[in-house]
Amino acid sequence: MRFKDKNSDLEPSANDPFIIRQGRIRKGRINTSYRLGWTEDSFIMDTGGKETIGRTFNADKSKYLIFALVFLLSFLLSRSAWLQVIKGDYYYKMAEGNRIRVERIEPRRGVIYDRHLDPLVRNQANFLAYVVPADLPKDAEKLKAIEMRISEILSPMNSNRIFSTDIESDRNLTVTELFDAIHGRLDKVKRGSLEALRPVFIADMIPYEKALLLQLESANWQGVVVSSKVSRDYNLTAQSLSHILGYTGKISQKELDKYGDEYLQIDYIGKSGLESFWENELRGTNGKKQIEVDALGREKKIISIQNSQDGHDLVLSLDMDLQQKIEQVTVAALDKAKLKRAAVVAIDPRNGEILALVNLPAYDDNLFAHGIGYDDYQALLNNPDRPLFNRAISGEFPSGSTIKPVMAIAALEEGIVTENTAFLSNGGLRISQWYFPDWKAGGHGMTNVRKAIAESVNTFFYIVGGGYQDTKGLGVDRITRYDRLFGLGSQTGIDLPGEATGFVPSKQWKEETKNESWYIGDTYHLSIGQGDLNVTPLQVAAYTATFANSGKLMQPHLVKTIITSKTGEKREVAPNPVRQDFVDPYNMKIVREGMRQTVLAGSARSLQTVPVPVAGKTGTAQWSSKKDPHAWFTGFAPYDEPTIAITILVEEGKEGSAIAVPIAREVLSWYFSPHLPKASSSTHPAPVKATSTASAR
């Protein structure tokens, strides 16, 4: 572009590309001309028919984009909520488990004493080994080397030992098999999960030398822990204590599922007896120790500690002198008769305290507490005499004639008879083609209620139970009502697990179960403790104590005092009368007099040699057409102010007077002897001079 001078007009060339010309519209085109101020006047006219540069936007498709954005945002929010709110605690603990862990501080388990404060069980050290799967080395060769070394150290310990959590279902496992199980668990869970942090038991009761060797070598092993726990050692001055004390053992998976977070796989728990029933009191409360661990799971620093609370101690009502004497006398009687099975219950009728509870045959609960072998356990299970069975509280047997005092008081209460009512016993009763015999050929002659109890006259109880000729009997409904009033057909509530209820039959039961009608013969059998009636020795002892104390059915119990571990405070277990004043005191007096005549003139006359007056009832219970009947005796002493009621059952002992009564005589003679070392104890009352309330027949 050129300029003549600063005042001259612009004369741009028509070909100059930098000049914009003024134009006019002609037929859709622009005519241009040049003038000053061209920049303000220049414009481009919209032709209307030409395409514009760019693309248009379709608004109909926007809803899909919005839906996608909303879905994505919702997914992100919900996932964040799941991870941070719902599963936040889980992942927090999982992450913290790699750095900070909480270890339990186990409490001391409570001690069990007899009534004289002699310990029946003590705690002892128990070395065990376990692994934490999450901490085990990932390298297969390293893990295999650990397995082989642990197996090498432990295998000679006891090849028949049960390394398992549940002896009732698990077989003898080798260390290699246990590690295979651990691998299987790791395959199902993530290494960093809470499940993988739970310990897995390998072996316990490890001898000190082997435990020390494992401890030294495990310092270089990831995930292997050697620790010390408490195990129980039972002071079995009488082997029959095993059924009472029970034992502790490795917790089973079923128990873990039941009790949740209270226990771990390496814990011990009461399996039977008092150890099981009083588990909560004996176990105590765990403490907590929060620690910082390194990459190998080793403790580096303690962050905080919450101390444990030891378990409470239990003082039992058991008199161990009496327990030992009963076991000794009963074993001798069984050996002489070539028998194996018996149960004896001694109870204080004033408060329901169990003074002795003997089951024979017995077993050694230390075998279980210290780790029983598989073969030994199978031998106990397969023993036909069932030494593991607590027959005193779980055995159900026909009562035989021991039920007759209950029948007698029911008849007196319902007005079926009075103390002077007498029936002729001439050998039995005949109903149509059926004959119901007395045990004595020719019968017992004229019999009132006292004589019927003393001589166990069947005919009398047939009549008062089922009726005969002009006498209307109690009938099955009233019989069963009184049986239940005296505690039959239900648990007594003793503080031991596994108590049976016994069984009281009824018309409805027979019709529904046997599809048969109830006959008069069923009532007669029920009246003398035969047929379908079943009782436990403890139930018989409990209702015998009711006659001893003149009308209180007491709940039997073994624990007398609970000693609080923290303060030493003693809490007495109060006597619990289940039922009282439910029969007339005078009728009770009549029945007690009949039980006294059993000793003075009836089937237990040998008990007259006991230093104090005794009352009781014998029984012979038919239960099989091919085997001998069971032998019973139940009674109490001293007669005027009873301090002990005792029930004896000898399975297949034939007659109560032949084997059960001699056991009672020897035990009671010893118990009330003035020469006993502990005769001055309140447990052993001073002898009372015997008095006669009836003449010999």
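Asks: Whenever I open this one, the nonpolar core confuses me. Can you help?
Replies: Note that soluble globular proteins tend to have their nonpolar side chains buried in a common cluster. Core analysis: the largest hydrophobic core is formed by 91 residues, its most contacted members being L274, I354, F460, F461, V464, F486 and F547. Contact partners of F460, with chain neighbours within four places excluded, come to V417, T421, F423, T447, N448, V449 and A452.

Asks: What am I meant to see in unusual backbone geometry here?
Replies: Among all residues save glycine, negative phi is the norm, and among peptide bonds the norm is trans. Cis geometry marks the peptide bond from L360 to P361; its omega dihedral reads 0 degrees. As for its position among the elements, P361 is in the loop between β14 (354-360) and α13 (366-369). Omega for the peptide link from A637 to P638 comes to -15 degrees, which places this bond in the cis form. Its identity as a non-glycine residue notwithstanding, S456 has a phi of 55 degrees, on the positive side. Secondary-structure assignment places S456 in the loop between α17 (449-455) and α18 (458-466). Using a relative accessible area of 7% as the deciding quantity, one classes S456 as buried. Even without a glycine there, the phi angle at E652 is positive, about 60 degrees. Position of E652 among the secondary structure elements: in the loop between β25 (644-650) and α24 (656-671).

Asks: What is the right way to look at the packing of aromatic side chains in this model?
Replies: Aromatic ring pairs are reported here in terms of the distance separating the ring centres and the angle at which the planes meet. One pass over the full model with this rule turns up 17 aromatic pairs. Pairing Y363 with F368 gives two aromatic rings, centres 5.8 Å apart and planes at 85 degrees, and the pair type is edge-to-face. The exposure class assigned to Y363 is buried, which follows from its relative accessible area of 6%. Seen in terms of ring centroids, W670 and Y671 are 6.4 Å apart; in terms of plane orientation they differ by 45 degrees. Their pairing is tilted. Taken together through their ring pairs, the aromatic side chains of Y247, Y363, F368 and Y377 make up a single cluster.

Asks: Could you clarify how one ought to interpret the packing of helix α16 (residues 404-413) against helix α19 (residues 475-485) in this entry?
Replies: Two quantities define a packed helix pair, namely the angle between the axes and the distance from one axis to the other. One can describe the packing of α16 onto α19 by two numbers: an axis separation of 10 Å at closest approach and a directional angle of 120 degrees. Where α16 crosses over α19, the two elements pack in a sense that is right-handed. Only I479, Y482 and D483 of α19 make contact with α16, whose side of the interface consists of V406, M407, A410 and E413. Class assignment of the residues belonging to the contact of α16 with α19 gives a composition of 5 nonpolar, no polar and 2 charged.

Asks: I would appreciate a short explanation of the sheet that holds strand β6 (residues 200-203) in the present structure.
Replies: Within a sheet, adjacent strands bond to each other through the backbone by hydrogen bonds, running parallel or antiparallel. Read across the open sheet, the 3 strands follow the order β6-β5-β7; overall the sheet is antiparallel. Two strands lie at the open edges of the sheet, namely β6 and β7 (224-234), each paired on one side alone. Each strand axis lies, on average, 45 degrees off the axis of its neighbour in the sheet, ignoring direction. Relative to β7, strand β5 (residues 121-131) runs antiparallel, the two being bridged by 11 bridges.

Asks: What should I look at first to understand the side chain of D522 in this one?
Replies: Structurally, D522 can be placed in helix α21 (residues 520-527). Looking at D522, its side chain comes within polar contact range of the main-chain nitrogen of Y519, at 2.8 Å. In this view, D522 contacts K510 and S517; residues no more than four positions away in its chain are not counted.

Asks: Would you take a moment to explain the environment of F127 for this structure?
Replies: Among the structural elements, F127 can be located in strand β5. Residue class for F127 comes out partly exposed when judged on its relative accessible area of 23%. Those residues within four positions of F127 in sequence are excluded, and the remaining contacts are A203, D204, M205, I206, Y208, A211, S227 and S228.

The rules behind each value
- Residues numbered from 1 in each chain as written.
- Predicted model: local features only at pLDDT ≥ 70, side-chain atom pairs only at ≥ 80, totals over all residues.
- Heavy atoms only, no water.
- Core = buried A, V, L, I, M, F, W, Y, C linked by side-chain atoms within 4.5 Å.
- Buried < 20%, exposed > 50% of the residue type's maximum accessible area, 1.4 Å probe, protein only.
- Contact = heavy atoms within 4.5 Å.
- Helix = DSSP H or I, 4+ residues; strand = E, 2+ residues; numbered from the N terminus.
- Phe/Tyr/Trp six-rings, centres within 6.5 Å; stacked < 30°, edge-to-face > 60°.
- Axes fitted to C-alpha atoms, helices over the stretch in contact; angles between N-to-C directions.
- Left-handed = near helix turned anticlockwise from the far one by under 90°.
- Nonpolar A, V, L, I, M, F, W, Y, C, P; charged D, E, K, R; others polar.
- Pairing = 2+ DSSP bridges.
- Polar contact = N/O pair within 3.5 Å; in protein donor to acceptor, adjacent residues only side chain to side chain.

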